[in-house]
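Here's the letter readout for the chains.
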Amino acid sequence: MRGGVEFENIKAIVTDIEGTTSSISFVVNVLFPFASKHLAGFVREHQADSAVAQLLDEVRNETKQLAASVDDVIAILLQWIDADKKATALKSLQGMIWKQGYESGELKGHIYQDAIASLRQWHEKSLPLYIYSSGSVAAQKLLFGYSVAGDLNGMFSGNFDTNIGGKKEPSSYEAIAAELSLPPAEILFLSDVLEELNAADEAGFQVVGLARDGIIEETGSYLWVSSFDQITI
């Protein structure tokens, strides 16, 4: 089903980023290549920093290569970037690298204009807004903090990443509802990924699919829209 949708009794909105508030092409063609280009140099320069050293050890533990050299870990991380692996250590390192790019002005976070307008409208109505993305919380805040429309972080009441669980697992959404102290039925989740919508729906959330750029995974009885302005709360 596609077209405008209206919801009542929504007490919070949780939104995905890639393909939902922001272009997939920005993530795939800008952010990922930027991280790939700068990863080796960043890791070598900061490998002694406690936060980076801990993340490198997480990679060694996850791959069961406890004796892996820094160069070995860099090679693993680059493979993970190519495979778009949802590894928390990788996402954290990418966030650190992107931070340098945003702060230098080399990167500007892409947000769809309709998403900006609707998020602002909902925020002005005192509707709590949250982000749930596989990218780290730090990376989320950078994208919205250094966006094409300026710093948008003030609109959000909180952020979630894979530390709370995988986005295709119902238990992750149950954990988010518990964190928000709300019944799942009073939370609306927005995403462009069918498996994420399935998981949120199974956890009791209300869901809407975003079909950006003509891309749609529409199946079943879910509601799909092509822009945020088709969603009325």
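Counting restarts for each chain, with residues numbered from 1 along the sequence as it is written. Local features in this predicted model are restricted to residues whose pLDDT is 70 or higher, and side-chain atom pairs enter the listing and the counts only when it is 80 or higher, whereas totals over whole chains, interfaces and linings include all residues. In computing side-chain properties, one takes all heavy atoms of the structure into account and sets aside hydrogens as well as water.

Enquirer: Before we move on, could you go through the overall build of the protein and cite the residues and values that matter?
Expert: Going along the chain from the N terminus, every DSSP run of H or I of four or more residues is numbered as a helix, and every run of E of two or more is numbered as a strand. Broken down by element type, the protein carries 8 helices and 8 strands. Restricting the calculation to C-alpha atoms gives the radius of gyration, and the globule rule supplies 2.2 Å times the number of residues raised to the power 0.38. Against the compact-globule benchmark of 17 Å for 233 residues, the protein has a radius of gyration of 18 Å, which places it among compact chains. Counting only C-alpha atoms and orienting by the principal axes, one finds that the protein spans roughly 55 × 35 × 30 Å. Per-residue burial for the protein yields a buried fraction of 50% across its 233 residues. Here the contacts in the protein between residues at least 6 apart in sequence split such that 68% fall between residues at least 24 apart. Exposure was quantified through the Shrake-Rupley algorithm and a 1.4 Å probe, taking into account, for residues, occlusion by the shown protein chains and nothing else. For the protein, the exposed area adds up to about 10500 Å²; of that, 48% sits on carbon and sulfur atoms. Once the 17 positive and 32 negative side-chain charges of the protein are each reduced to a mean point, those two points are 4 Å apart. Buried means the residue's accessible area, taken with a 1.4 Å probe over protein chains only, is under 20% of the maximum for its type, while exposed means over 50%, and partly exposed covers the values in between. Here, two residues are considered to be in contact whenever any of their heavy atoms come within 4.5 Å of each other. Asp and Glu are treated as the negative residues and Lys and Arg as the positive ones, with His and the ends of the chain left uncounted. A single reference atom marks each charge: NZ on Lys, CZ on Arg, CG on Asp, CD on Glu.

Enquirer: Let's hear about the sheet that holds strand β4 (residues 158–160): which residues, and what values?
Expert: Strand pairing follows a simple DSSP-based rule, namely that at least 2 bridges must link the two strands. Ordered in space as β4-β3-β2-β5-β6-β7, the 6 strands form an open sheet in which the pairing is parallel. Edge strands, defined here as strands with exactly one partner in the open sheet, are β4 and β7 (223–225). Shown here is a sheet whose adjacent strand axes are inclined to one another by a mean of 25°, direction ignored. Note that strand β5 (residues 187–191) and strand β6 (residues 206–210) share 4 bridges and pair parallel. Paired with Ser191 across the strands is Gly209, a residue of β6. With axes taken as lines fitted to C-alpha atoms, and helix axes fitted only over the stretch in contact, angles between N-to-C directions fall between 0 and 180 degrees. Helix-sheet contacts for helix α7 (residues 170–180) involve β2 (12–15), β3 (129–132), β4 and β5, and the interaxial angle to β3 is about 150°.

Enquirer: Lay out the nonpolar core in plain terms, naming residues and giving numbers.
Expert: We define a nonpolar core as any set of buried Ala, Val, Leu, Ile, Met, Phe, Trp, Tyr and Cys residues linked to one another through side-chain atoms lying within 4.5 Å. By size, the foremost hydrophobic cluster in this structure holds 58 residues, and its most contacted members are Leu77, Trp98, Trp122, Leu190 and Ile231. Considering every element that reaches this core, the biggest residue donor is helix α1 (residues 24–46), with 10 residues. If sequence neighbours within four positions are ignored, Ile231 has contacts with Val5, Phe7, Trp122, Leu188, Leu190, Val208 and Val225. Core analysis: the second largest hydrophobic core is formed by 21 residues, Phe160, Tyr173, Ile187 and Ala199 among them.

Enquirer: How would you sum up the side chain of Asp114? Please name residues and give values.
Expert: Inspection of the secondary structure puts Asp114 in helix α5 (residues 113–124). Given the relative accessible area of 17%, Asp114 is considered buried. When near neighbours in sequence (up to four residues on either side) are disregarded, Asp114 contacts Arg212, Ser227, Phe228 and Asp229.

Enquirer: Break down the pattern of salt bridges for me, with residues and values.
Expert: A pairing counts as a salt bridge when a side-chain nitrogen of Lys or Arg comes within 4 Å of a carboxyl oxygen of Asp or Glu. Enumeration according to the criterion identifies 10 salt bridges in this entry. Of the charged contacts, one joins Asp16 and Lys167 as a salt bridge, the two residues approaching to 2.5 Å between their closest N and O atoms. Of the two residues, Asp16 sits in the loop between β2 and α1 while Lys167 sits in the loop between β4 and α7, which places them 151 residues apart along the sequence. In terms of burial, Asp16 and Lys167 fall into one category: buried.

Enquirer: A description of the environment of Ile74 should follow, citing residues and the corresponding values.
Expert: Relative to the helices and strands, Ile74 is located in helix α3 (residues 70–83). Residue class for Ile74 comes out buried when judged on its relative accessible area of 4%. As a C-alpha pair, Ile74 and Glu45 span 29 residues in sequence and 12 Å in three-dimensional space. Setting aside anything within four residues of it in sequence, one finds Ile74 in contact with Leu39, Ala40, Val43 and Arg44.

Shape is all these values report; function is a separate question.
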